[in-house]
Amino acid sequence: LAALHNLNVFHWHLTDDQGWRIEIDAYPRLTETGAFRRDTTLAGEPGTFGGYYTKRQIRDIVEYAARRYIEVVPEIDMPGHCLSAIANYEGLSCFDQVGWGKVFTSPLCPGKDAALEFCRNVWSEVIALFPYEYVHIGGDEVEKDNWRKCADCQRRIAQQGLKGVEELQSWFIHEMERFFNAKGRRMIGWDEIIEGGLSKTSTVMWWRNWAPQSVPEATAHGNDVIYTPATPFYFSQNEEKSSMRQVYDYDLAPASLSAAQRAHIIGVQANLWAEGIPSRSRMLYMYFPRILALAELAWTCLLYTSDAADDK
């Protein structure tokens, strides 16, 4: 369906608090237990909910997509949204007790070398499965209260000359980006990666409508941006929040940006979060016809913007 409508990238969000969905040889408990949970929120009788993709399945999907000229971007969300990992392996979080904080879950501990080693080991296996030049680190919705109380995090802040936990997150993101670059990959992160300092080479995926400064800030810094604002490009939302007309009318090249900044808008993406979608038929109902408007928007507005930038 993506190929039929000239959509050429599949962003595959493979981990989150709710479950770890990709087989990792070095850490078998990520899928043995981290991929499943007792669930009472979905339709039907309470029971075990979950599952994961084997490496063979992932290779098959990447190959299937490639034959249709579609690249696959894997996302392993870090340092937040990692409950499915840190609940199964000791030494990944700041403290032994893990779970939900005020809003989000306990994050990984960037002060612990063992946590960084875990991240690199996981990504080494993931990168081997995905040949495309881009990978996605996540980097969103990190609740940093534990970092403020964690001796390891405070030691890292002092050793690296950082000003606080916001810069500690940027330090972690930059460390991972250097690792990706050494592996021949380019990093994408949600727009929270701007906070605390943005590297010169990362790509920003803007999703927070309530943080509109992210796009002008990132593009002025010389970074590429992918548009995926929650409204109207979260297609798991009903039409009243994300209508087809809103998608068609969205301005991917606002006049408030200079021509040089507009040239850094490299793509647009619609997200469909499948956690609460019970069937394939419902998934297709949520995607269509809005995905048609997205494809037309991308291949008209973005190509025009690129041509205009080349002319200048």
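Scroll up to find the structure.
Residues numbered from 1 in each chain as written. Predicted model: local features only at pLDDT ≥ 70, side-chain atom pairs only at ≥ 80, totals over all residues. Heavy atoms only, no water.

Asks: Describe the pairing of strand β7 (residues 134-138), and please don't skip the residues or the numbers.
Replies: Consecutive side chains of a regular strand alternate in pointing toward one face of the sheet and then the other. Within β7, 5 of the 5 residues are buried, leaving the element largely enclosed by the surrounding structure. Both faces of β7 are covered, namely the face carrying Tyr-134, His-136 and Gly-138 and the face carrying Val-135 and Ile-137. Note: strand β6 (residues 71-78) against β7, 2 bridges, orientation parallel. Bridge pairing links Met-78 to Gly-138 in β7. With 3 bridges joining them, β7 and strand β8 (residues 186-190) adopt parallel strand pairing. The residue bridging His-136 from the neighbouring strand is Ile-188, located in β8. (Buried < 20%, exposed > 50% of the residue type's maximum accessible area, 1.4 Å probe, protein only. Helix = DSSP H or I, 4+ residues; strand = E, 2+ residues; numbered from the N terminus. Pairing = 2+ DSSP bridges.)

Asks: Outline the packing of aromatic side chains, listing residues and values.
Replies: Going through the model one piece at a time under the given rule, you end up with 18 aromatic pairs. Aromatic side chains Phe-235 and Tyr-287 sit 6.4 Å apart centroid to centroid with 80° between the ring planes, which places their arrangement in the edge-to-face category. Of this pair, Phe-235 sits in the loop between α9 (230-233) and α10 (244-249) while Tyr-287 sits in helix α12 (residues 280-287), placing them 52 residues apart in sequence. On the accessibility criterion, Phe-235 (0% relative accessible area) is buried. Note on Tyr-287: relative accessible area 22%, which makes it partly exposed. Through pairs of rings, three or more aromatic residues link up here, namely Trp-190, Trp-207, Trp-210, Tyr-234 and Trp-273. Against the face of Tyr-89 rests Arg-29, its NZ or CZ located 4.1 Å from the ring centre. A cation over a ring is seen here: Arg-68 above Tyr-64, with NZ or CZ 3.6 Å from the ring centre. (Phe/Tyr/Trp six-rings, centres within 6.5 Å; stacked < 30°, edge-to-face > 60°. Lys NZ or Arg CZ within 6 Å of the ring centre and 35° of its normal.)

Asks: So what's going on with unusual backbone geometry? Residues and values would help.
Replies: Pro-79 follows Met-78 through a cis peptide bond whose omega is 0°. With an omega dihedral of 5°, the bond running from Phe-288 to Pro-289 counts as a cis peptide bond. Topologically, Pro-289 is positioned in the loop between α12 and α13 (290-311). Backbone geometry at Tyr-69 places phi at a positive 60°, although glycine is not the residue there. Within the element layout of this structure, Tyr-69 appears in the loop between α2 (55-66) and β6. The exposure class of Tyr-69 is exposed, given its relative accessible area of 73%.

Asks: Account for the state of the cysteines, with residues named and values stated.
Replies: What the rule picks out here adds up to 0 disulfides. Not part of a disulfide, Cys-109 finds its nearest cysteine sulfur in Cys-94, a span of 3.7 Å. Cys-119 takes part in no disulfide bond, and the closest cysteine sulfur, belonging to Cys-82, lies 6.6 Å away. Its relative accessible area of 0% is what places Cys-119 among the buried residues. (Disulfide = S-S within 2.5 Å.)

Asks: Talk me through the environment of Ile-291; I want residue IDs and the actual numbers.
Replies: Among the secondary structure elements, Ile-291 is positioned in helix α13. Measuring from C-alpha to C-alpha, the distance between Ile-291 and Trp-190 comes to 21 Å, with 101 residues separating the pair along the chain. The contact partners of Ile-291, leaving out residues within four places of it in the chain, are Leu-7, Phe-235 and Ala-270. (Contact = heavy atoms within 4.5 Å.)

Asks: So what's going on with the pattern of salt bridges? Residues and values would help.
Replies: Following the criterion strictly, the structure yields 18 salt bridges and no others. Arg-156 is the partner of Asp-113 in a salt bridge, and the nearest nitrogen-oxygen pair spans 2.7 Å. Of this pair, Asp-113 sits in helix α4 (residues 113-129) while Arg-156 sits in helix α6 (residues 151-160), and the two are 43 residues apart along the sequence. Put simply, Arg-208 and Asp-191 hold a salt bridge, and the shortest N to O gap is 2.5 Å. Linking Arg-208 in the loop between β9 (203-206) and α8 (214-220) with Asp-191 in the loop between β8 and β9, this pair joins segments that are 17 residues apart in sequence. (Salt bridge = Lys/Arg side-chain N within 4 Å of Asp/Glu carboxyl O.)

Purely geometric stuff here, so don't read any function into it on its own.
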